[in-house]
Amino acid sequence: MSNRIFVALDTPDLQRAKTMAARVRNHVGGLKLGLEFFAANGAHGVREMSHVGLPIFLDLKLHDIPNTVAKAIQALSGLAPAILTVHASGGQAMMEDAKAAAPAATKVVAVTMLTSLDDNDLAATGVQGRAHDHVLRLTELAMRSGVDGIVCSGEEVEAAHRCWPAGFFVVPGVRPADGVTGDQKRVVTPRQALDRGASVVVVGRPITQAQDPDAAARAIVATL
Ligand SMILES: O=c1ccn([C@@H]2O[C@H](COP(=O)(O)O)[C@@H](O)[C@H]2O)c(=O)[nH]1
């Protein structure tokens, strides 16, 4: 994949997602569809977006008992997403069953610790220690379970890549140098994420909320 930016089309509005995809399709390498889009448009919406002709990243962050996650992935398999997410904190058995249930061409990647959380948020959930260490623990668990890679922030991707050289690393929570961070707490620039070992970076609002989304996407590509 020459362009390693996936644009996050976080909207419930299928027509808006199609229009945005058409505007930026020449400046990004794939489309990320998440919970907001899927809750509103379901499998039909994903099929519609696949007509754009770019790889689809289905970011549903599945997290349940192994049997339920595996059955959900089987139900989604007709959509043949290029990338599908589960939560690493669902445990090794859940990740093993998720990978076994997914089509061979789908990369199953495990979310370690959401980029909207920091050390304090982690402590509030009862987990002692730094986000960095928590991400690395979950990276090792994901590697042992046989999934294809992980989702982490640009602050951990270099260390995660060192511990799993063959892994596939998705980095969201990226912002251009002058970008608004909003609810994201562990943030780097797209360039930093790729330099540190990201396989793909996810960019949502810096493109989709820009006055001129194609110019915003082009400007990000120019920094890479
Ligand atoms: O840890 C995570 C996992 C997933 N995401 C998703 O990425 C995009 C980021 O959108 P921005 O507008 O660029 O902040 C969004 O769809 C999240 O659900 C994440 O941010 N962090």
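The name given to the protein in an unreviewed UniProt entry is Orotidine 5'-phosphate decarboxylase, with Sphingomonas mucosissima as the source organism. Regarding the protein, the UniProt comment filed under Sequence similarities (unreviewed entry) reads as follows: "Belongs to the OMP decarboxylase family. Type 1 subfamily." Per UniProt, the protein carries the Subunit (unreviewed entry) text "Homodimer."

Asker: Honestly, the overall build of the protein in this entry has me stumped. Any pointers?
Answerer: A tally of regular secondary structure across the protein gives 10 helices and 8 strands. The C-alpha atoms of the protein give 17 Å as radius of gyration, which agrees with the globular expectation for 224 residues (17 Å, within 12%). Overall, the C-alpha framework of the protein stretches about 40 × 40 × 30 Å when taken along its three principal axes. Within the protein, the proportion of its 224 residues that are buried is 44%.

Asker: So what exactly am I meant to see when it comes to the UniProt feature "domain: Orotidine 5'-phosphate decarboxylase" (unreviewed entry) in the protein here?
Answerer: Under the local residue numbering, the UniProt record ascribes the feature "domain: Orotidine 5'-phosphate decarboxylase" (unreviewed entry) to residues 4–220. As a span, residues 4–220 carries 43% helix and 17% strand, and end to end its C-alpha atoms are 11 Å apart.

Asker: Explain the sheet that holds strand E8 (residues 200–203) here, please?
Answerer: On the basis of which strands lie adjacent, the closed barrel formed by 8 strands has the order E1-E2-E3-E4-E5-E6-E7-E8 and parallel pairing. Between one strand axis and the next, the sheet turns by 25° as a mean value, whatever way the strands run. In terms of strand pairing, strand E5 (residues 107–111) meets strand E6 (residues 149–151) through 3 bridges, oriented parallel. Residue pairing in the sheet places Val 109 in a bridge with Gly 149 of E6.

Asker: What am I meant to see in the packing of helix H3 (residues 66–76) against helix H4 (residues 92–101) here?
Answerer: If you want to describe how two helices pack, look at the angle between their axes and the distance between the axes. In contact at an axis separation of 8 Å, H3 and H4 are set at 20° when each is read in the N-to-C sense. Classed by the angle they form, the pair H3 and H4 counts as roughly parallel. Here H3 and H4 pass one another in a crossing that is right-handed. Here Pro 66, Val 69, Ala 70, Ile 73 and Gln 74 of H3 lie close against H4, whose contacting residues are Ala 93, Met 94, Asp 97, Ala 98, Ala 100 and Ala 101. Among the residues making up the contact of H3 with H4, the classes are represented as 9 nonpolar, 1 polar and 1 charged.

Asker: Quick question: what am I supposed to make of the pairing of strand E7 (residues 168–171) here?
Answerer: Consecutive side chains of a regular strand alternate in pointing toward one face of the sheet and then the other. Alignment of E6 against E7, held across 3 bridges, turns out to be parallel. When the bridges of E7 are listed, Ile 150 appears paired with Phe 169. Regarding the hand of the β-α-β motif, the stretch spanning E6, helix H7 (residues 157–163) and E7 is right-handed. Where the polypeptide runs from E7 across helix H8 (residues 190–195) and back to E8, its parallel neighbour, the crossover connection is right-handed.

Asker: Would you mind showing me how to read the UniProt feature "active site" (unreviewed entry) in the protein here?
Answerer: Residues annotated in UniProt with the feature "active site" (unreviewed entry) correspond here to Asp 59, Lys 61 and Asp 64. Within the secondary structure, Asp 59 sits in strand E3 (residues 56–62). In this structure Asp 59 touches Lys 32, Leu 33, Gly 34 and Thr 85, once residues within four positions along its chain are discounted. For Lys 61, the position within the fold is in strand E3. Residue class for Lys 61 comes out partly exposed when judged on the 16 C-beta atoms lying within 10 Å of it. Excluding its chain neighbours within four sequence positions, the residues that come into contact with Lys 61 are Thr 85, Val 86, His 87 and Val 111.

Calculation rules
- Residues numbered from 1 in each chain as written.
- Predicted model: local features only at pLDDT ≥ 70, side-chain atom pairs only at ≥ 80, totals over all residues.
- UniProt positions renumbered as here; feature names shortened; annotations may be inferred.
- Helix = DSSP H or I, 4+ residues; strand = E, 2+ residues; numbered from the N terminus.
- Rg over C-alpha atoms; globule rule 2.2 N^0.38 Å.
- Buried ≥ 20, exposed ≤ 12 C-beta atoms within 10 Å, placed from the backbone.
- Pairing = 2+ DSSP bridges.
- Axes fitted to C-alpha atoms, helices over the stretch in contact; angles between N-to-C directions.
- Parallel < 35°, antiparallel > 145°, perpendicular 65-115°, else oblique.
- Left-handed = near helix turned anticlockwise from the far one by under 90°.
- Contact = placed C-beta atoms within 7 Å.
- Nonpolar A, V, L, I, M, F, W, Y, C, P; charged D, E, K, R; others polar.
- Right-handed = clockwise from strand over helix to strand, strands pointing away.

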